[in-house]
Amino acid sequence: MTIETKTCAADGTDRSDLIESLREKAREMRKDIVRMVGAAKSGHPGGSLSAADILAALYGRVMRHDPANPTWPDRDRFVLSKGHACPVLYAALAEFGYFPREELMTFRRINSRIQGHPDMRKTPGVEFSTGSLGQGLGAANGMALAGKLDGKDYRVFVMIGDGESQEGSIWEAAMAAAHYKLDNLTAILDLNGLQIDGPNAEVMGIQPVADKWRAFGWNVIEIDGHDLAQILDALSPEHRTAGKPTMIVARTVKGKGVSFMENAVDWHGKAPKPDEVEKALAELDAA
Amino acid sequence: MPEMLATRKAYGQALVELGRENPNVVVLDCDLSKSTMTNQFAKEFPERFINMGIAEANMMATAAGLAACGKIAFTSTFAVFATGRAWEQARMSIGYTRMNVKIAATHAGVTVGEDGASHQANEDIALMRVIPNFTVIVPADAVETRQAVHAAARHAGPAYIRLGRADVPVIFDDTYRFEIGSAVVMREGTDISLFACGGMVAEALKAADILAAEGISAEVVNVSTIKPLDVETIVASVRKTGAAVSAEEHTIIGGLGGAISEALAEEYPVPMKRVGIEDCFGESGTSDELLCKYCMTGPNIADAARIVLARKPALSAVEGEAGR
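Residues numbered from 1 in each chain as written. Chains lettered and ligands numbered in written order. Predicted model: local features only at pLDDT ≥ 70, side-chain atom pairs only at ≥ 80, totals over all residues. Heavy atoms only, no water.

*Asks:* Just to check I follow, could you spell out the layout of surface pockets for this structure?
*Replies:* By rolling a water-sized probe across the atoms, one finds the places where empty space is left. Residue and element names in this part refer to chain B. Space inside the largest pocket adds up to approximately 470 Å³. What lines the largest pocket is a set of 28 residues, and nearest its centre among them are T111, D167, V168, G199 and L291. Secondary-structure elements contributing two or more residues to the lining of the largest pocket are β8 (167-169), α9 (200-213) and α12 (287-293). Here the lining of the largest pocket spans two domains, and each of domain 1 (4-169) and domain 2 (184-315) adds at least three residues to it. (1 Å grid on protein atoms, 1.4 Å probe; cavity = no way out; pocket = protein on both sides within 12 Å on 5 of 7 lines; lining within 4 Å. Points joined across faces, edges and corners; volume = space filled by probe spheres on them. Helix = DSSP H or I, 4+ residues; strand = E, 2+ residues; numbered from the N terminus. Domains from an automatic or database assignment.)

*Asks:* Sorry if this is basic, but what is going on with the sheet that holds strand β13 (residues 244-251) of chain B here?
*Replies:* For sheets, the rule is that strands pair by backbone hydrogen bonds, running either parallel or antiparallel. Residue and element names in this part refer to chain B. Taken in spatial order, the five strands line up as β9-β11-β10-β13-β14 in an open sheet, and their pairing is mixed. The open sheet has two free edges, formed respectively by β9 (184-187) and β14 (272-277), since each of these has just one partner strand. With strand direction ignored, the average angle separating the axes of adjacent strands in the sheet is 25 degrees. Along the sheet, helix α11 (residues 256-267) makes contact with β10 (192-196), β13 and β14, crossing β14 at roughly 160 degrees. (Pairing = 2+ DSSP bridges. Axes fitted to C-alpha atoms, helices over the stretch in contact; angles between N-to-C directions. Contact = heavy atoms within 4.5 Å.)

*Asks:* Explain the domain arrangement of chain B to me, please; I cannot follow it from the model alone.
*Replies:* A common way to express how large an interface is: the accessible area buried when the components associate. Residue and element names in this part refer to chain B. By domain assignment, chain B separates into domain 1 (4-169) and domain 2 (184-315). Taking only C-alpha atoms into account, the centre of domain 1 sits 26 Å from that of domain 2. Of the residues lining the interface, 33 residues belong to domain 1; the matching set on domain 2 comes to 34 residues. Contact between domain 1 and domain 2 buries roughly 2300 Å² in total, counting both sides, with carbon and sulfur atoms accounting for 54%. Among the residues domain 1 hides against domain 2, the three largest losses belong to V110, N122 and R129. Together they make up 28% of the total. Summed over the shared surface of domain 1 and domain 2, the number is one salt bridge. For R129, the salt bridge identified is with E262, shortest N-O distance 2.7 Å. Taken together, the connections running from domain 1 to domain 2 amount to 22 residue pairs in polar contact (both at pLDDT 80 or more). Every element with two or more residues in the side of domain 1 that touches domain 2 is listed here: α7 (124-129), β6 (135-137) and β8. By residue number, the principal contributor to the side of domain 1 that touches domain 2 is α7, which donates four residues. (Buried area = accessible area lost by both parts, 1.4 Å probe. Salt bridge = Lys/Arg side-chain N within 4 Å of Asp/Glu carboxyl O. Polar contact = N/O pair within 3.5 Å; in protein donor to acceptor, adjacent residues only side chain to side chain.)

*Asks:* Help me understand the pairing of strand β7 (residues 159-162) of chain B in this model?
*Replies:* Two faces make up the sheet, and in a regular strand the side chains alternate between them. All names here are of chain B. The alternating pattern of β7 places A159 and I161 on one face and Y160 and R162 on the opposite face, and all of these are buried. Note: strand β5 (residues 101-105) against β7, four bridges, orientation parallel. By the bridge assignment, A105 is partnered in β7 with R162. Here β6 runs beside β7; their pairing, made up of three bridges, is parallel. Directly across from I137, in β7, lies its bridge partner I161. Between β6 and its parallel partner β7, the chain crosses via helix α8 (residues 142-154), and the hand of that crossover is right-handed. (Buried < 20%, exposed > 50% of the residue type's maximum accessible area, 1.4 Å probe, protein only. Right-handed = clockwise from strand over helix to strand, strands pointing away.)

*Asks:* Would you take a moment to explain the packing of aromatic side chains for this structure?
*Replies:* Here a ring pair, both rings aromatic, is described through the centre-centre distance and the interplanar angle of the planes. By the definition in use, this model includes 11 aromatic pairs over all chains. Summarising the aromatic geometry, the rings of Y90 of chain A and F107 of chain A are spaced 5.8 Å apart at their centres and angled 65 degrees between planes, so their arrangement reads as edge-to-face. Pair noted here: Y90 of chain A is in helix α4 (residues 86-95) and F107 of chain A is in the loop between α4 and α5 (136-149), with a separation of 17 residues, a long-range link. Given a relative accessible area of 0%, Y90 of chain A falls into the buried group. F107 of chain A sits in the buried class, given a relative accessible area of 1%. Ring geometry for F172 of chain B against Y176 of chain B: centres 3.7 Å apart, planes inclined by 20 degrees, an arrangement best described as stacked. On the basis of relative accessibility, which here comes to 8%, the residue Y176 of chain B falls in the buried class. (Phe/Tyr/Trp six-rings, centres within 6.5 Å; stacked < 30°, edge-to-face > 60°.)

*Asks:* Please explain a negative patch on the surface as it appears in this structure.
*Replies:* Residue and element names in this part refer to chain B. Negative charge collects at one region of the surface, where E114, D115, D288 and E289 lie side by side. Mapped onto the elements of the fold, E114 is located in the loop between β5 and α7. The partly exposed category is assigned to E114, whose relative accessible area is 47%. (Patch = residues over 30% accessible without salt bridge, like charges linked within 9 Å, V, L, I, M, F, W, Y side chains within 5 Å. Areas by Shrake-Rupley, 256 points an atom, 1.4 Å probe, with all protein chains shown as cover. Lys, Arg positive; Asp, Glu negative; His and termini not counted. Charge placed at Lys NZ, Arg CZ, Asp CG, Glu CD.)

*Asks:* Help me understand the nonpolar core in this model?
*Replies:* Across soluble globular proteins, nonpolar side chains have a tendency to be buried as a group. In this structure, Y59, W213 and W218 of chain A are the most contacted members of the largest nonpolar core, which totals 145 residues. A per-element tally of this core places helix α1 (residues 12-40) of chain A first, with 10 residues. No fewer than three residues from each of domain 1 (4-169) and domain 2 (184-315) of chain B sit in this core. Other than its neighbours up to four places away in sequence, W213 of chain A contacts L137, I160, I170, W171, A174, W218, V220 and M247 of chain A. Listed in part, the 40 residues of the second largest apolar core include I192, M200, V220 and I301 of chain B. (Core = buried A, V, L, I, M, F, W, Y, C linked by side-chain atoms within 4.5 Å.)

*Asks:* Just checking my understanding: could you explain the interface of chain A and chain B for this structure?
*Replies:* Each partner contributes to the interface: chain A provides 26 residues, whereas chain B provides 26 residues. Between chain A and chain B lies a buried interface of about 2100 Å² when both sides are counted; carbon and sulfur atoms form 60% of it. Counting the surface chain A buries against chain B, the share from its top three residues, R121, Q135 and L149 of chain A, is 28%. For the pair chain A and chain B, the interface holds one salt bridge. Of the charged contacts, one joins K71 of chain B and D150 of chain A as a salt bridge, the two residues approaching to 2.5 Å between their closest N and O atoms. On the surface where chain A and chain B come into contact, there are 10 residue pairs in polar contact (both at pLDDT 80 or more). Elements that contribute at least two residues to the side of chain A that touches chain B include exactly α5 and α6 (168-179) of chain A. Classifying every residue of the side of chain A that touches chain B gives 12 nonpolar, nine polar and five charged. (Nonpolar A, V, L, I, M, F, W, Y, C, P; charged D, E, K, R; others polar.)

*Asks:* Sorry, what's going on with the side chain of N141 of chain A here?
*Replies:* The residue N141 of chain A is located in helix α5 in this model. What makes N141 of chain A buried here is its relative accessible area of 1%. Once residues within four sequence positions are removed from consideration, N141 of chain A is found in contact with A173, A176, A177, L182 and L185 of chain A together with T62 of chain B.

Following this line, the structure appears as structure tokens:
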């Protein structure tokens, strides 16, 4: 099954159907995130839940990819530079058919194909191994450069974190993507505002972050990262600018969808206990 | 006098050959292309040369992304930056991922010369050989460099190639055949094994001449692949000689001497001494002055051999008594 890139239909009914179906996908992905982190008794739920709507849109609509042929040379690529949020990536890959959903319950276990941080050599659909912050954007640049060299029309998507934006190598890559006019590259900043030790603003301020990317020569789009209509618009090919890489600054809520995890620093890298898993799943079902 | 040529110059020429042979070869550099000699490739294949500016960490990540899309990516800068500044990118984005990236770093060792300690990488072999999946090659001269660059391009996976700034003697002729993982016995001997890499191979040959004049038969082995180490050839040599000296333009901790010590400690322990930088930083000076001051010349290797040989007879005496 090839999922083709299409722009959203002008017909309002089709579009609302699409958004409803992606919302359902995101809901299932969030439930899988809670289940797999709960089963693993470790992992990073907060920054996974904040990114679920964006990954649902990418894998469910925007990207040209084929789960039956994960190494298809002409596929669009997605790199999760904030690799600790891999539960959302695994949830998306399972949801869209890269591996059986039951395998999610092996997350972080010995001999599992789905590692604590993404491993491209073990997991089908993982485009690049990440986990050490600040490297995925550079790798995505390399993929975009290769596409230009080979005259291919694939797009490269990469998600970085707000805490990750404190890494110097992010800005080395920001400079290079603009210098090489990588308009086949779209980066998404998951701006949930929190990192391990507290709010970004207290640990190491990154604002005004959209202005920083503009100053580095990027086409910058600011959206609500949970509004699927805005997400789809920002990711559509029309919103690119010729000769410039695109940065989508997505304002999100860390822990989105689970009341007791929302905007709570502690849920960056903590697993829910069985009763908390049940409570979270009930909330997600009711939403 | 033998012909003198820096290994970085041979690298620049080999890259151009590779570029002509294989359209998938791309080259990245961090604003040092005139020194690393990648400028020759840049001139002939401007579309496949990517200058990353002074940003070594991002160069490694970008090369990994290019390799993920089928490119053979060569990255070049000075060894101190390639392996120090960007070590974690090499580990995470190249070693762990087994990407087809070749880090070909120049200006290794004290023979960088006048630039001084900040620019003299004496730790790079140690740093790169501890990363799983990396092949580590230290060519001895221009002939071996050219072949090593071609071999690294054919080898699927990460490689580190260590190159020098200064001219070194051309010690191989066109009949030489380099193979990844094969150490080469350059001169046979029976009393002591001299294991060397890079520019120290020529010095080890000088040491063998010095020792020969004293009636000592030294075997000289060029260990140009540090990883995977050719343990078989190394052990075969010391089984014959019963004594070893290593010589490298690198700290004696963790490099060629470290690798051989590890292998011999497990496989066939013999008296040994490591010649190289003795756990200190370098300084400014000419290449030759620095090699003398830091005791990495043929006479220094010969001195080390005499010290090791003095420890050897005690062992044979014990064996001799047991035999009586």
